[in-house]
Amino acid sequence: MGSKWRKMKLALGLNLCTYLPRTLDESPPALNSTERLSDVALLSPLNWPMTPTPSSHGLKLSRNGSRKSSKTCSICLTKMKEGGGHALFTAECSHSFHFHCIASNVKHGNQVCPVCRAKWKEIPMQHPPPRYLFARPYSNDAAVNLLHRLPAPRRVTNQGRALPPEPSMFNDDEPLEQQLVFSRKSSENNLMELKIYPEVSSVPRAESREEFDVLVHLRAAGMVNGNARAPLDLVTVLDISGSMAGTKLALLKKAMGFVIQNLGSNDRLSVIAFSSTARRLFPLTKMSDAGRNLALQAVNSLVANGGTNIAEGLRKGVKVMEERRDENPVASVILLSDGRDTYTMNNQPDPNYKLLLPLSMHGSESKRFQIPVHSFGFGSDHDASLMHSVSETSGGTFSFIESESVIQDALAQCVGGLLSVAVQELRLEIDSFSSDVRLSSIKAGSYPSLVGGDGRSGRVEIGDLYADEERDFLMSINIPAQRSGEETELLKMRCVYKDLLTKEVVTLQSHVLKIQRPDTVGQEEAVVVSIEVDRQRNRFLAAEAMVKARALAEGEDLAAAVNVIQEFRQVLAETVSAKSNDGFCVALDREMKEMQERMASRHVYEVSGRAYILSGLSSHSWQRATSRGESGDGFSFVQAYNYQTPSMVEMLHRSQATSYHRLIQPLLSYVSQPKPR
C-alpha cells in the first residue's frame, strides 16, 4: 500500500499529466526494450519527464514522511539497478537518475535538479560516447559519471537555462509539401447558406418607414466525416513568468500537450515562451510523430521565473508568422497569460494597448483579413483590458479562465474551431433594388462594415468562418410609401468567399427581398415582429449595455453600471422573443444577471467582473464562442447555446474525456494533507 501511495504522489507531483489522445488517423507507436524514454516513449504519461514546479515540492515525501528511495529514478519512477543495462547519473546535489532520463530533461537547457531544484554547475553530456553507455553498470561514484563543465554562458534566460542565440530571421519553418487542390461535387458547391428576414412581412401601401430592420443570416456548411480540411499554422505565446510557478504551469504544460496531440501531420506549430524576455522554443514545425516529440520536450522543459513582457512575446509570435517561407491556408496566434505587462505598459496612466501589437497585425480597410490573436487570461491578476484590446485589434477573441483547472478545455474549444475553417475572405454585399429604398445603417458588431454615400449599397467584411458557424447582421432601411402595387422589392444580396479546398472564389446570390403592400394591415399583424429579427436586436442591445456598464464601472460608478444592466434586463423581458421563452434570450438574461453580481463591489469587479464583461463582449461582438467565468462546466450559458460549433464541442468533449484533470485539484489537496502514521 505504501508503495502505491508513494507512486501516486510522485505521479501527481512530477508528471501532473494523463494520457493525451492521439489523432484519429494515427496508431500508437510500438516500443521495444531499448527505447526506454526515447522521444517516442515521452508520449506516455508516466514516462513524460515534466520538470516539477515549486508547488509540487510537498509531494516528495512518502506516506510515512521519509524521502523516496535513492534507488528509484525520480523521472521515470522505475528502479535503478546496477547491472541492469542502463547508465546512471548522480548529480552534485546527490540525487540519482537514469542517464537517458536526465539527458532528455536537460535537452532543452534545464540545469536544475527535478527533485530539489538545485542549480547544477555540471550536467550530463547529451550525446555521451557509445563505449560508456552499456559497457558495464555505472556506480554512483561521481568519477565515472559522464559530466562536462558548463561553457561560459552565451545567453541565460529563465531559471538556470543556457540557450543558444536565436536566428535573426525566422524563415526556418519546416517546408510544406505542394498542397492538393480538390474538386467538389455539384451538390457540395455551395458552402454557404444565405437567408433574409424582414422585421414584418407587410407594410400598408400608404405608409412609409424610416427605420425598418432587415436581418441577414449566414451559415457555413458542416464538416462531413472524411472531408479534407485546411491545415493550420499555429503560434502559441506562453507566459512563464514567476507568477505561473506551481499548478498553473503544470496545467498549462498539460493543456499544450493536448493541443500538440490533436494537431494533424500537416498542421505546423511554433511556441514562444516569455517572462522578462521572450524566446522561440522551436520554429514552425509539422506535427508529425517527430514534430510532436520535439514540441512535447520543448514545452516540458519550461520553468517559471522572471517578469511579464507580453509585448516581446507577441512581437516574436508575429515575427514567426511574418517571416515564414511557406504558409498554410489557416493561421492564428494564441496568447496565454496570468499577469500584467511589467515592461511596455508599466505605470502608464492611460495605456494604448494597441502598441503591444505590431502594425502588421492591425485590421484596416486595405488589409481586411489579418491573422487573429486569440487571448486567454486566467486567474484574478491578468490584465483583461490589455488582452481584450489585443484580440479586438487583430480580429481574435478574448477568453476569461477564472480557474486554471479549465485551461485545457478553453484551448480545446478554440483549437476545435481553428481546425474546422470552412471558408475564408467571406464578404457580404448589399444593394438596394429600388432608388427609393435607402440603406441607413448596418449593425455588424466588431466586423468592419461600410454604407455607400448614397445609401444604395453596403458591405460587411467577415473573413474566416468555421464549419457550421453562423453570422447575423442587422441593417436598417427606409421604405417609401407607394400609390399602387401589391409588393415592394427592397434588397438583393450576395456573399463572396474563398473555398479553401478548391482555391476558387465563389459568389452566392440571394433572392430579392420583398414585402407585401396591402391597403391596410391588421393591428395584430402590424406589431408582430419576426422572432429572428427580435433575437438579434436583443443581442446588439446587450452588447451596447455591456460597453456602457463597463465605462461606468471604470469611472468608479458601479451603482450606475449595475443600473444599466438592470434596465436592459427589464427591456429584454418585454420583447417578443423573451415572451416566447426563446432559449437565446433566456441565456442572455442569465449572463447579464451574472455581470450584475460581478459588479457587487470594487474588489469583485477588479478580480473577475471586468474580465467577465470583456469576454462576453468579445463573444457577442464576433459571434464566436469564448470561455468565461467558472460555471459548472467552465463555460457560460450563451456561447454553449448559440456560438459553439460541432467541431468545438467535439474537441471539448475529447478534452473532458481525459477526466484526470477534473480531479487534479482535489487529489492534490488530499495528498498534501498529513496522513496518520
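This section reports on the structure supplied with the text.

The rules we used
- Residues numbered from 1 in each chain as written.
- Predicted model: local features only at pLDDT ≥ 70, side-chain atom pairs only at ≥ 80, totals over all residues.
- Heavy atoms only, no water.
- Helix = DSSP H or I, 4+ residues; strand = E, 2+ residues; numbered from the N terminus.
- Expected span 1.5 Å × (residues − 1).
- Bend = angle between axes of the 7 residues up to and from the residue.
- Buried < 20%, exposed > 50% of the residue type's maximum accessible area, 1.4 Å probe, protein only.
- Pairing = 2+ DSSP bridges.
- Axes fitted to C-alpha atoms, helices over the stretch in contact; angles between N-to-C directions.
- Contact = heavy atoms within 4.5 Å.
- Core = buried A, V, L, I, M, F, W, Y, C linked by side-chain atoms within 4.5 Å.
- 1 Å grid on protein atoms, 1.4 Å probe; cavity = no way out; pocket = protein on both sides within 12 Å on 5 of 7 lines; lining within 4 Å.
- Points joined across faces, edges and corners; volume = space filled by probe spheres on them.
- Nonpolar A, V, L, I, M, F, W, Y, C, P; charged D, E, K, R; others polar.

### Things to note about helix α14 (residues 602-622)
And then number 1: Compared with the 30 Å implied by 1.5 Å per residue over 21 residues, the 28 Å span of α14 between its first and last C-alpha is a close match.
And then number 2: Its maximal kink placed at Ser 608, α14 deviates by approximately 50 degrees.
And then number 3: Most of α14 is tucked away: 16 of the 21 residues are buried.
And then number 4: Note on α14: the residue one or two positions beyond its end, Gln 623, has a positive phi of about 55 degrees.

### What to know about the sheet that holds strand β19 (residues 470-479)
And then number 1: Overall, antiparallel pairing links the four strands, which are arranged β7-β8-β19-β16 in an open sheet. If you trace the sheet from one side to the other, it starts and ends with β7 (192-198) and β16 (438-443), each paired once. Taking each pair of neighbouring strands and ignoring which way they run, the sheet shows an average axis angle of 25 degrees.
And then number 2: The pairing of β7 with strand β8 (residues 209-220) spans seven bridges and is classified as antiparallel. The residue bridging Pro 198 from the neighbouring strand is Val 214, located in β8.
And then number 3: Running at roughly 100 degrees to β19, helix α10 (residues 531-554) makes contact with β7, β8, β16 and β19 of the sheet.

### Quick notes on the sheet that holds strand β12 (residues 330-337)
One key point about sheets: their strands pair by backbone hydrogen bonds, in either a parallel or an antiparallel sense.
And then number 1: Read from one edge of the open sheet, six strands run β11-β10-β9-β12-β13-β14, paired in mixed fashion. Strands with a single pairing partner mark the edges of an open sheet, and in this sheet they are β11 (278-286) and β14 (398-401). Ignoring strand direction, the axes of neighbouring strands in this sheet form an average angle of 15 degrees.
And then number 2: In this sheet, β14 lies alongside strand β13 (residues 373-378) in parallel orientation, the contact comprising four bridges. Note on β14: the bridge partner recorded for Gly 377 is Phe 400.
And then number 3: Strand contacts of helix α5 (residues 289-300): β10 (268-274) and β11, with the helix running at about 165 degrees to β11, the strand carrying the most contacts.
And then number 4: Against the sheet, helix α6 (residues 310-323) contacts β9 (232-239), β10, β11, β12 and β13, and its axis sits at roughly 165 degrees relative to β9.

### Structural notes on the nonpolar core
And then number 1: Ranked by size, the top nonpolar core spans 97 residues in total, and within it Leu 269, Ile 334, Leu 336 and Met 599 carry the most contacts.
And then number 2: Every residue in contact with Ile 334, bar those within four places of it in the chain, is listed here: Leu 234, Val 235, Thr 236, Val 237, His 374, Phe 376, Leu 411, Cys 414, Val 415 and Leu 418.
And then number 3: By size, the runner-up hydrophobic cluster in this structure holds 39 residues, among which are Leu 428, Cys 495, Val 506 and Trp 622.

### Overview of empty space enclosed by the protein
And then number 1: Considering all chains together, one arrives at seven cavities of 30 Å³ or more under this definition.
And then number 2: Here the second largest cavity defines a volume of roughly 60 Å³.
And then number 3: What lines the second largest cavity is simply His 374, Phe 376, Thr 397, Ser 399, Ala 410, Gln 413, Cys 414, Tyr 466, Arg 624, Ala 625 and Met 648.
And then number 4: Listed by contribution, the elements that provide at least two residues to the lining of the second largest cavity are β13 and α8 (407-418).
And then number 5: If you tally residues by element for the lining of the second largest cavity, the top one is α8, at three residues.
And then number 6: Taken together, the residues of the lining of the second largest cavity break down into six nonpolar, four polar and one charged.

That is the geometry; function is a separate question.
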